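Residues per chain are reported as follows:
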Amino acid sequence: SGIGKSSAVKAGLVPALAAGAVPGSESWLVTELVPGREPFEQLAAALERIATTEPADVVGALQSASLGAVANELAPGNPGVLIVIDQLEELFTQTVDEAERRAFLRLLVDVAQSSDSSVRLVATLRADYFDRPLAHPGFDDAIQGRTVALGAMSSGELADAVQLPASAVGVQIEPGVVDRVVAEAELQALHERVRERDL
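Counting of residues starts from 1 at the beginning of each chain's written sequence and follows it residue by residue. Local features in this predicted model are restricted to residues of pLDDT 70 or higher, and side-chain atom pairs are both shown and tallied only at a pLDDT of 80 or more, whereas totals for entire chains, interfaces and linings draw on every residue. Hydrogen atoms and water are omitted, and side-chain values are computed over all heavy atoms in the structure.

What follows covers the sheet that holds strand 3 (residues 119–123). If DSSP finds at least two bridges between two strands, the strands pair. Counting from the N terminus, the helices are DSSP H or I runs at least four residues long and the strands are E runs at least two residues long. An order of 1-2-3 is seen for the three strands of this open sheet, with the pairing classed as parallel. Looking at strand neighbours, the two that pair on one side only are strand 1 (29–33) and strand 3, the edges of this open sheet. On average, each strand axis in the sheet is tilted by 20° relative to the strand beside it, whichever way the strands run. Bridging between strand 1 and strand 2 (residues 81–85) involves five bridges; their strand directions are parallel. Its bridge partner lying in strand 2, V30 is registered against L82. Across the sheet, helix 1 (residues 5–18) lies against strand 1, strand 2 and strand 3, angled at about 175° from strand 2, the strand it touches most. Contacts between residues were defined by any pair of non-hydrogen atoms, one from each residue, lying within 4.5 Å. A fitted line through C-alpha atoms represents every axis, and for helices the fit uses only the stretch in contact; the resulting angles, taken between N-to-C directions, go from 0 to 180 degrees. The strands touched by helix 2 (residues 39–48) are strand 1 and strand 2; relative to strand 1, the strand with the most contacts, the crossing angle is about 150°.

In structure tokens form, the structure reads like this:
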């Protein structure tokens, strides 16, 4: 928690894809969700945000058809869809219905195993929950070779994360501001680790 997974995806990966980091990715439709208590409802809402047709029963469609088929029905002729699932651990901390949890994980596995490359998924997951989806059949194969582990940034890396984007657009940060941001981020990370240890 607090390591920067969401930021790496939202401020790093998604803008890079929008700039064409993968051939054709500059045209992809991008949407995101946090699973919460009702992951299919959240996924349906995320897909409705990029729909170019009038959506009907998206939740029902997701539970009876492939994610690719539903995305193609909602946005016919789309060049590709990227779905960012942030905080996938909420599937285990918020979602109460075990059958819904299993069905949602099955949907994710099906996308990874599908030859249809129109839908792509990126999920963030806290390390202390990494074993939970692995207990679901097929999930280990689905993430094989597709996992990136993020460790905590050093003070220097954090300073670069503040300074370099500003410098890239010609903004000069006042002396001492970067040091203060780094110190506050390190303090916040320490408090987060203590809080999690005490839970």
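Let us look at helix 4 (residues 67–74). Classification of residues uses two cut-offs on accessible area relative to the type maximum, computed with a 1.4 Å probe and protein chains only: under 20% is buried, over 50% is exposed, and between them is partly exposed. For helix 4, every residue scored as buried is listed here: L67, G68, V70, A71 and L74. Buried residues in helix 4, looked at end-on, bunch into an arc of 165°, giving them a common side. Check the buried side of helix 4 and you find it contacts helix 2, helix 3 (58–64), strand 2, helix 6 (98–113) and strand 3. Here, the arc refers to the directions that run from the helix axis to the C-beta atoms.

To continue, consider the nonpolar core. Only buried Ala, Val, Leu, Ile, Met, Phe, Trp, Tyr and Cys residues count toward a nonpolar core, and they belong to the same one when joined by side-chain atoms within 4.5 Å. Judged by nonpolar contacts, the single largest core of 32 residues is most densely connected at L43, L47, L62, L67, I83 and F104. Sorting the residues of this core by element identifies helix 2, helix 3, helix 4, strand 2, helix 5 (90–93), helix 6 and helix 8 (139–143) as the ones contributing at least two each. The biggest single contributor to this core is helix 6, with six residues. The residues contacting L67, other than those within four sequence positions of it, are L43, L47, L62, I83, L107, V111, V119 and L121. Of all hydrophobic cores here, the second largest spans seven residues; its members include V14, L82, V84 and V122.

A separate point is the packing of helix 2 against helix 6. Closest axis-to-axis distance for the helix 2/helix 6 pair is 9 Å, and the angle between their directions is 40°. When the axes of helix 2 and helix 6 are compared, the pair comes out oblique. Here helix 2 contributes P39, F40 and L43 to the contact with helix 6, which in turn contributes E100, A103, F104 and L107. As a working rule, the residues Ala, Val, Leu, Ile, Met, Phe, Trp, Tyr, Cys and Pro are called nonpolar, Asp, Glu, Lys and Arg charged, and the rest polar, with Gly in that last group. Here the residues of the contact of helix 2 with helix 6 are counted per class, giving six nonpolar, no polar and one charged. Angle categories: roughly parallel below 35 degrees, roughly antiparallel above 145, roughly perpendicular from 65 to 115, and oblique for all the rest.

None of the figures reported here should be taken as evidence of function without further support.
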